[in-house]
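The residues making up each chain are set out below.
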Amino acid sequence: MVGFPGTRVDADLASLMDDGIYGAILFKRNVGTAQETAALCHALKVRAGRPFILSVDQEGGRVARLRGAPFTTLPPMRELGQRGDAGVVERVGRLLAHELRAVGFDWDFAPVLDVDTNPANPVIGDRSFSRDAEEVGRLGVALARGLEAGGVASCGKHFPGHGDTMTDSHLTLPRLPHDLERLRRVELVPFRAFAQARLASLMTAHVMFDALDKEMPATMSERVLTGVLRQELGFDGVLVSDDLEMKAIAAHYSVEEAAVRGTLAGVDLFLVCHQVDVQRRAIEAVVKAVESGRIPRERITEAHRRLDVLAARFAHPAEDRLATLGGAEHLALAQGLDSAFAGKDPTEVMLASR
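One structure accompanies this document, and this report is about it. (Residues numbered from 1 in each chain as written. Predicted model: local features only at pLDDT ≥ 70, side-chain atom pairs only at ≥ 80, totals over all residues. Heavy atoms only, no water.)

1. Section: the sheet that holds strand β2 (residues 53–56)
Pairing between sheet strands relies on hydrogen bonds along the backbone, with the strands arranged either parallel or antiparallel.
Part 1 of the reasoning: Strand order in the open sheet made by the 3 strands is β1-β2-β5, with parallel pairing throughout. Each edge of the open sheet is held by one strand with a lone partner, namely β1 (23–26) and β5 (107–108).
Part 2 of the reasoning: Across 4 bridges, β1 lies against β2 in parallel orientation. Within β2, the residue paired with Gly23 across the bridge is Ile53. (Pairing = 2+ DSSP bridges. Helix = DSSP H or I, 4+ residues; strand = E, 2+ residues; numbered from the N terminus.)

Listed below in structure tokens is the structure:
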């Protein structure tokens, strides 16, 4: 799954689509008005001529690519977590799904399942529901269920937990020294709940977990992804990597090594979000590793099975739903959230329907 520049299907993206990439992720650089974003999503799906998954990071709070009317301005998940109402959080998920579907997205990289245990964490903070691991799991599952009830795949992140790091994996490779007992008691709790709820997908963390693997970050660690996630927690949904161009990976490993080791570890789909030459190198590395026998074909078949299940349920064809934004259904959902926060200062809640 690739990112791309601009607001149109350029020659590089078209070539990758022809070669069979699974889908695309859109960022701030790709989105404009609701009409412009819907037109781009429509063009991508028509150009693909096959099920083509479109994804986005739309968490609420400071991580939201779709902003301004007619989209709903949602508070950080920490504020929803302080309410503790899983019913409200599930309605937020339904509202997110409604708005994402309206412009053409199939997959939302949310909710954050990291536990907010470190006030100095530079990247998670108020994106997390709570400092309590059980609450993060309970509310994260609620948001994901709302998204999926609305026809959009959810993706819990960042496995096995980025909440207690002191550094940002966009910039450097974080390392957590916690022992396995601590990880099972805190970091892994929300992911266990997510796995038991049988939700669509999880995203890996580019973080070193000394108790699990002192040599490889989670994205490239079979002990973490297969041993803990698949075998111990029982997760059988899609496992997608965080962006391989983040410095936590790119500053220490080639994209070829990351893609091959990640595939062997258990990643089903890689995000490569910026440079077309890096995207091409990642693809070719996996192809060559399969041809040489380093990656068993069974590993590819397993990944395809999971991706096919996700696409069958959530890959929507190009459609015109833009008019539903701001319409009766949209407003009813937003007003339902407003009423849930009745009696609280609106500026504190930061929840506006228009």
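2. Points about the packing of aromatic side chains
Part 1 of the reasoning: Considering all chains together, one arrives at 2 aromatic pairs under this definition.
Part 2 of the reasoning: When the centroid spacing of 5.2 Å and the interplanar angle of 85° are considered together, the rings of Phe159 and Phe191 count as edge-to-face. With Phe159 in strand β6 (residues 155–159) and Phe191 in helix α7 (residues 189–196), this residue pair connects regions lying 32 residues apart in the sequence. In this structure, Phe159 and Phe191 share a single accessibility class: buried. (Phe/Tyr/Trp six-rings, centres within 6.5 Å; stacked < 30°, edge-to-face > 60°. Buried < 20%, exposed > 50% of the residue type's maximum accessible area, 1.4 Å probe, protein only.)

3. Description of the side chain of Glu245
Part 1 of the reasoning: If you trace the backbone, Glu245 turns up in the loop between β10 (238–240) and α9 (247–250).
Part 2 of the reasoning: Despite its burial, Glu245 pairs with no opposite charge; the closest candidate is Arg29, at 7.1 Å N-O.
Part 3 of the reasoning: At a separation of 3.2 Å, a polar atom in the side chain of Glu245 contacts the main-chain amide nitrogen of Cys273.
Part 4 of the reasoning: A distance of 2.6 Å separates a polar side-chain atom of Glu245 from the backbone nitrogen of His274.
Part 5 of the reasoning: Setting aside its immediate chain neighbours within four residues, Glu245 contacts Ala250, Val272, Cys273, His274, Gln275 and Val278. (Lys, Arg positive; Asp, Glu negative; His and termini not counted. Salt bridge = Lys/Arg side-chain N within 4 Å of Asp/Glu carboxyl O. Polar contact = N/O pair within 3.5 Å; in protein donor to acceptor, adjacent residues only side chain to side chain. Contact = heavy atoms within 4.5 Å.)

4. Considering the pattern of salt bridges
Part 1 of the reasoning: Tallying each qualifying case throughout the model produces 26 salt bridges.
Part 2 of the reasoning: Two residues, Asp19 and Arg280, come together in a salt bridge whose shortest N-O distance is 2.6 Å. Of the two residues, Asp19 sits in helix α1 (residues 11–19) while Arg280 sits in helix α11 (residues 276–292), which places them 261 residues apart along the sequence.
Part 3 of the reasoning: Note that Arg305 is salt-bridged to Asp236, the shortest N-O span being 3.3 Å.

5. So, the sheet that holds strand β8 (residues 201–204)
Part 1 of the reasoning: Spatial strand order, β6-β8-β10: 3 strands in an open sheet with parallel pairing. In this open sheet, the two strands that pair with only one neighbour each are β6 and β10. Looking at each pair of strands side by side, their axes are set apart by 25° on average, direction ignored.
Part 2 of the reasoning: Bridge count between β8 and β10: 3 bridges; the pairing is parallel. Bridge pairing links Leu202 to Leu239 in β10.
Part 3 of the reasoning: Along the sheet, α7 makes contact with β6 and β8, crossing β6 at roughly 145°. (Axes fitted to C-alpha atoms, helices over the stretch in contact; angles between N-to-C directions.)

6. Remarks on unusual backbone geometry
Part 1 of the reasoning: Omega for the peptide link from Ala69 to Pro70 comes to 10°, which places this bond in the cis form.
Part 2 of the reasoning: Its location among the elements puts Pro70 in the loop between β4 (63–64) and α3 (77–83).
Part 3 of the reasoning: Even without being glycine, Arg198 reaches a positive phi, approximately 60°.
Part 4 of the reasoning: On the secondary structure map, Arg198 appears in the loop between α7 and β8.

7. Brief notes about the nonpolar core
Part 1 of the reasoning: Counting residues in each nonpolar core, the largest one holds 46 residues, and the members touching the most others are Leu26, Leu44, Val103 and Phe105.
Part 2 of the reasoning: Considering every element that reaches this core, the biggest residue donor is helix α4 (residues 86–103), with 9 residues.
Part 3 of the reasoning: Contact partners of Phe105, with chain neighbours within four places excluded, come to Leu26, Thr37, Cys41, Leu54, Ser55, Val56, Leu66, Leu100, Val152 and His316.
Part 4 of the reasoning: The next biggest cluster of nonpolar side chains, apart from the first, holds 45 residues, and it includes Leu176, Phe191, Ala197 and Leu239. (Core = buried A, V, L, I, M, F, W, Y, C linked by side-chain atoms within 4.5 Å.)

8. Thoughts on the pairing of β2
Part 1 of the reasoning: Of the two faces of β2, the one carrying Ile53 and Ser55 and the one carrying Leu54 and Val56 are both buried.
Part 2 of the reasoning: Strand direction decides the pairing type here: β2 and β5, joined by 2 bridges, are parallel. Note on β5: the bridge partner recorded for Val56 is Asp108.

9. Concerning the pairing of β8
Part 1 of the reasoning: Residues Ser201 and Met203 point to one face of β8 and Leu202 and Thr204 to the other, with burial holding for every one of them.
Part 2 of the reasoning: In the sheet, β6 pairs with β8 via 4 bridges, with the strands oriented parallel. Bridge pairing in β8 places Gly156 opposite Leu202.

Scope: geometric values only; no functional claims are made or implied.
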